[in-house]
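Architecture and fold: a report
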Amino acid sequence: MVLLLWAGLPLFGPADLYLRMDPMVLAGTLLSGRVLEGAFWIAFIPALLFLAIALVAGRFFCGWICPLGTCVDLADRATARRRASPLGRPARTGLRRVKYHVLALILGAALLGVSLVFIAAPIPLVTRFFGLLLMPLVQVAAWLGLDAARPLAASLDAGSIYYLKITYDRFGTQLFLLAMAGAVFLPGLLAPRFWCRYLCPAGAIFSIFGRKPIIRRRVSDACIECGLCRKRCPMNAIPADPHDTRHGECISCETCERICPVAAITFPVSGQAEQAGVQSDDAPADAPLKQRPATADNVATTKIKEGVSGSPPPSRGNVPSPPEARVPRRTFLLTGVVGAGTALLAYTDLASPLTAEGKGDPEQRYTLRPPGALPEPDFLARCVRCGECMTGCPTNTIQPIWFAAGLAGVFSPVLEPTRGPCETTCNACGHLCPTGALRPLPLAEKQHAKLGTARILRHKCLAWEEQRQCVVCDEVCPYDAIHLERVEGNPVAVPFVDERRCAGCGFCEHNCPVRAQRAIIVQPAGAVRIASGSYIDEAAARGLDINLNRPGSRHPGPGGYEGSGPQGGYEGYDPAQGHGYEGSASSPGYQGGQGYPTQPGSDLPPGFSESPGAQGSQTSPPYPAAEPTGNVSRSGSGSGLPPGFSEPPATPRPSAPPQSRGGAAPAPSGSGSNLPPGFSEPGS
């Protein structure tokens, strides 16, 4: 439960610390990514630590640490009354081996560089469940509740409710998330902790390491063999003879110790068992039980035993010692071969980016990866699809995909600029990635990690196709990579993209007013993806000119839109003097001194006036050209409309305006009167 809270609110250490505890993530990434650097081993010290603990305390992680196990326990309690009859012994024995086959399948694919860890690793599963499925549901419920409370707030004169706003994230592949959640929780209708018993590959690893732990379950001679411990064991780790234990299945939950009516069960250190008079479960199967004297206490415990089991206990000499669920080597290797075959299938996929050999290169139109992503084959080999980068993205632009990157890229993260841009002041995704598929870049390095290149679809662009003035993409580009130029035959300026300056952040695509498909899109062409080294040096080596602090550039700084002096951003901004967009009459863009540059005595921005007849201050256009003709206008041309919009066609006024009721001619709007046409001041 502590780690469930940690997932949303890290108390100390890295935010992905609990993901680094999963041995399945460690083993799968180690093989598929061919990782040898020391930083990887340092990052996964928690997983190595819990593997060492398994040698001492068995599957301690499963019983006390794993957040998915906690969720399974809660789901089991909710479905306990609807649970079917217990599974038969042959079914339990066969199912107990399935988790080893799942482990072999994942490791077999990992040997060929394809990561299938996301299918069954417990910590990535629970991270996706909470971050991508449950959290958006809670956010939507809160938004609907707030919307429903607004009428009540109006009746209670609580006007502040109207200013509250709850935003919620949206993610793709929700059907996949729901199916995986059902595969984990619904089998609880058949048996408690079904996932942990029979399917979890991390549980298989802990079971291998914890077959003979030092701290193990012990049963003393006081046992009355009532069978209560066997019936209540959530992992079915106690066979017919309660003195025995399947240590590879025991999660040290100590349920049997708490419910034992005679306190015959303990979990001592192995060397202390004989000193305390506890019977060892390593004794031969035909060892007879010690005879106990017929005291009053034994008579009472015998009644308890017969009342629970309904019949005298069988002789221990007739009950064989329970074997651990071992998978034959040949079967294990065969399952690994199946996993390798799955990896080969991923290589032959038409959209697979794992190899460029063969006829043509794979099409990667939709694989716009987050900043700091390794080269595509290495990225897919390391990515465990935990969803941490998606939940940590403040603009909700990182989304999972289906098969756009082939079978090997299922559920991998991509950028969707239509959902939101990649903020230039955010580098959270790389610091949340537990496996290094996204490099944890400093902010300056991240800003030079070119994600792709913007492309203008001229057949959809308002300026190119419809000859309507639109400067949105130029206004919002934080890298000043888009400029406007005049072309022959077009009365308005049209946008061009400077590929050397474009970082692929997606601000232009996100803010483009054209819908259905944006008129400017970001494609992964030209993306800079390196496994090591500096992005700043790599960008310079490729001749790129990516610069957020370029004079005249417009980008949000640490406290909003700030100046290009000591803090960068919009030129001339001084947080101590005021906030907002700033400018001057001699420089393009939003630049200059404090506040809006307006005429003396006016507090309106450029392009706005006190009245329809007044003249507002004007700024120079963002491109050196003559004023556009027609009905288009922009800020600073005497119109109060924002850039990209135009005044409606002017309609002629009637030659004889109607007279007012007093007989006097009406005062027109803007001539010193605040009354509309047709009305006059009293007594005029």
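1. A look at the overall build of the chain
When helices and strands are tallied, the chain shows 24 helices and eleven strands. Excluding contacts between residues fewer than 6 apart, the proportion of contacts in the chain whose partners are at least 24 apart in sequence is 68%. Per element, the accessible surface of the chain, about 33,800 Å² overall, is 60% carbon and sulfur.

2. Some words on the nonpolar core
One finds Met24, Phe61, Leu68, Phe185, Trp195 and Phe379 to be the most contacted residues of the largest nonpolar core, which totals 126 residues. With six residues, helix 10 (residues 174-185) is the single largest residue contributor to this core. Every residue in contact with tryptophan 195, bar those within four places of it in the chain, is listed here: Leu68, Ala120, Leu125, Ala183, Val184 and Cys200.

3. Quick look at the pattern of salt bridges
Working definition: two side chains of opposite charge can pair if their charged atoms are close together. Enumeration according to the criterion identifies 14 salt bridges in this entry. With a shortest N-O distance of 3.2 Å, aspartate 16 and arginine 20 are connected by a salt bridge. Each member of the pair aspartate 16 and arginine 20 is classed as buried. Here glutamate 538 and arginine 542 are joined by a salt bridge, their closest N and O atoms 2.9 Å apart. Residue classification places glutamate 538 among the partly exposed residues on the basis of a relative accessible area of 24%. Counted as one network, the salt bridges with shared partners bring together Asp480, Asp498, Arg501 and Asp545.

4. Focus: unusual backbone geometry
Of note, the phi angle at glutamate 225 is positive, near 55°, even though the residue is not glycine. Tracing the chain through its elements places glutamate 225 in the loop between strand 1 (218-220) and helix 13 (228-232). Glutamate 225 sits in the buried class, given a relative accessible area of 11%. The backbone phi angle of glutamine 467 is positive, close to 55°, even though this residue is not glycine.

5. Details of the packing of helix 9 (residues 122-155) against helix 10
Contact pair helix 9 / helix 10: the axes reach a minimum separation of 10 Å and the direction vectors enclose 130°. Taken together, helix 9 and helix 10 sit at an angle that is classed as oblique. Of the two possible hands of crossing, helix 9 and helix 10 adopt the one that is left-handed. Judged by residue contacts, Leu125, Arg128, Phe129, Leu132 and Leu133 of helix 9 engage Gln174, Phe176, Leu177, Leu178, Met180, Ala181, Val184 and Phe185 from helix 10. Class assignment of the residues belonging to the contact of helix 9 with helix 10 gives a composition of eleven nonpolar, one polar and one charged.

6. Looking at a nonpolar patch on the surface
A cluster of nonpolar side chains, contributed by Leu55, Val56, Ile208, Phe209, Ile214, Ile215 and Val269, occupies part of the molecular surface with about 520 Å² of accessible area. For the nonpolar patch, the secondary-structure elements that each account for two or more residues are helix 4 (45-57) and helix 12 (201-209). Topologically, isoleucine 215 is positioned in the loop between helix 12 and strand 1. Its relative accessible area of 30% is what places isoleucine 215 among the partly exposed residues.

7. Remarks on the state of the cysteines
Enumeration over the complete set of coordinates arrives at zero disulfides. For the unlinked cysteine cysteine 470, the closest cysteine sulfur is that of cysteine 473, found at 6.3 Å. Note on cysteine 512: no disulfide assigned, nearest cysteine sulfur contributed by cysteine 470 at a separation of 6.5 Å. A residue is classified by how much of its surface remains accessible, and cysteine 512, at 7% relative accessible area, is buried.

8. Notes on the packing of aromatic side chains
In total, this model carries 14 aromatic pairs according to the counting rule given. Geometrically, the ring pair formed by phenylalanine 176 and phenylalanine 411 is tilted, given 5.0 Å between the ring centres and 40° between the ring planes. On the criterion of sequence distance, the pair formed by phenylalanine 176 in helix 10 and phenylalanine 411 in the loop between strand 4 (398-400) and strand 5 (413-415) is long-range, its members being 235 residues apart. By relative accessible area, which is 1% here, phenylalanine 411 ends up buried. Aromatic pair phenylalanine 194 and tyrosine 198: ring centres 4.9 Å apart, planes at 75°, arrangement edge-to-face. With phenylalanine 194 and tyrosine 198 both in helix 11 (residues 194-199) and four residues apart, this pair spans about one turn of that helix. The same class applies to phenylalanine 194 and to tyrosine 198, which are both buried.

9. Side note on helix 9
When the terminal C-alpha atoms of helix 9 are compared, their 48 Å separation across 34 residues agrees well with the 50 Å that a helix rising 1.5 Å per residue should span. The largest bend in helix 9 is about 35°, located at leucine 134, with the proline proline 136 one to four residues further on. Where helix 9 terminates, the next one or two residues include aspartate 157, which has phi positive at roughly 60°.

10. Here we look at the side chain of serine 252
Along the chain, serine 252 turns up in the loop between helix 13 and helix 14 (255-259). We classify serine 252 as buried; its relative accessible area is 12%. In terms of polar contacts, serine 252 uses its side chain to reach the backbone carbonyl oxygen of alanine 57, at 3.2 Å.

11. Things to note about the environment of tryptophan 464
Tracing the backbone through its elements, the reader meets tryptophan 464 in helix 21 (residues 462-465). On the accessibility criterion, tryptophan 464 (18% relative accessible area) is buried. Put simply, tryptophan 464 and asparagine 490 are 26 residues apart on the chain and 7.7 Å apart in space, counted from C-alpha to C-alpha.

12. What about the confidence of the model for the chain?
Confidence in the prediction of the chain, expressed as mean pLDDT, is 77, and 68% of residues score 70 or more. With pLDDT under 50 throughout, residues 282-321 is counted as low confidence; its partners more than four residues away or in other chains account for 41 contacts. Between residues 653-671, whose pLDDT stays under 50, and residues either more than four places distant or in other chains, the model counts 16 contacts.

13. Description of the environment of tyrosine 168
For tyrosine 168, the position within the fold is in the loop between helix 9 and helix 10. C-alpha separation for the pair tyrosine 168 and tryptophan 143, spaced 25 residues apart in sequence, amounts to 7.8 Å. Apart from residues lying up to four places away in sequence, tyrosine 168 is in contact with Gln139, Val140 and Trp143. Polar contacts involving the side chain of tyrosine 168 include one to the side chain of arginine 170, which spans 3.3 Å.

14. Quick word on helix 10
Taking 1.5 Å of rise per residue, twelve residues should cover 16 Å, and helix 10 covers 16 Å from first to last C-alpha, within 8% of that figure. Among all positions in helix 10, only Phe176, Leu177, Met180, Ala181, Val184 and Phe185 are buried. Each buried residue of helix 10 sits inside an arc of 155° when the element is viewed along its axis, so together they form one side. Along helix 10, the residues that are exposed and aim more than 90 degrees away from the buried face are Leu175 and Leu178.

Rules behind the numbers
Every residue gets a number counted from 1 within its own chain, in the order that chain's sequence is written. At least 70 in pLDDT is required for a residue's local features to be given in this predicted model, at least 80 for side-chain atom pairs to be given and counted, and no such filter applies to totals for whole chains, interfaces and linings, which use all residues. With hydrogens and water stripped out, all remaining heavy atoms of the structure feed into the side-chain values. Put simply, DSSP H or I for four residues or longer makes a helix, DSSP E for two residues or longer makes a strand, and each gets a number counted from the N terminus. Residue contacts are defined here by distance: any two heavy atoms, one from each residue, within 4.5 Å place the two residues in contact. Per-residue accessibility takes into account occlusion by the displayed protein chains alone, with areas from the Shrake-Rupley method and a 1.4 Å probe. Residues belong to a common nonpolar core when they are buried Ala, Val, Leu, Ile, Met, Phe, Trp, Tyr or Cys residues joined through side-chain atoms within 4.5 Å. Relative accessibility under 20% of the residue-type maximum defines a buried residue, over 50% an exposed one, and the middle range a partly exposed one, all with a 1.4 Å probe and only protein chains included. In the sections that follow, a salt bridge refers to a side-chain nitrogen of Lys or Arg positioned within 4 Å of a carboxyl oxygen of Asp or Glu. Axis definition: a line fitted to C-alpha atoms, over the contacting stretch in the case of helices. Angles run 0 to 180 degrees between N-to-C directions. Roughly parallel refers to an angle under 35 degrees, roughly antiparallel to one over 145, roughly perpendicular to one between 65 and 115, and oblique to any angle outside these ranges. Crossings are classed by handedness, with left-handed meaning an anticlockwise turn of the near helix from the far one by less than a right angle and right-handed meaning a clockwise turn. We call Asp, Glu, Lys and Arg charged. Ala, Val, Leu, Ile, Met, Phe, Trp, Tyr, Cys and Pro are nonpolar, and the rest, Gly among them, are polar. Patch members must show over 30% relative accessible area and no salt bridge, and they are joined within 9 Å when carrying like charges or within 5 Å when they are nonpolar side chains of Val, Leu, Ile, Met, Phe, Trp or Tyr. Disulfide assignment relies on a single distance test, namely cysteine sulfur atoms paired within 2.5 Å. Two aromatic rings, drawn from Phe, Tyr or Trp (for Trp, its six-membered ring), form a pair once their centres lie within 6.5 Å of each other, and the interplanar angle then sorts them: stacked below 30 degrees, edge-to-face above 60, tilted otherwise. The span you would expect from a helix comes to 1.5 Å times its residue count less one. A residue's bend is given by the angle between axes fitted to the 7 residues ending at it and the 7 residues starting at it. Definition of a polar contact: a pair of N or O atoms within 3.5 Å, with one able to donate and the other able to accept a hydrogen when the atoms are protein atoms, and with sequence-neighbouring residues admitted only if both atoms are side-chain atoms. For every residue, the predictor states its confidence as a pLDDT score lying anywhere from 0 to 100. As used here, the arc belongs to the directions running from the helix axis to the C-beta atoms.

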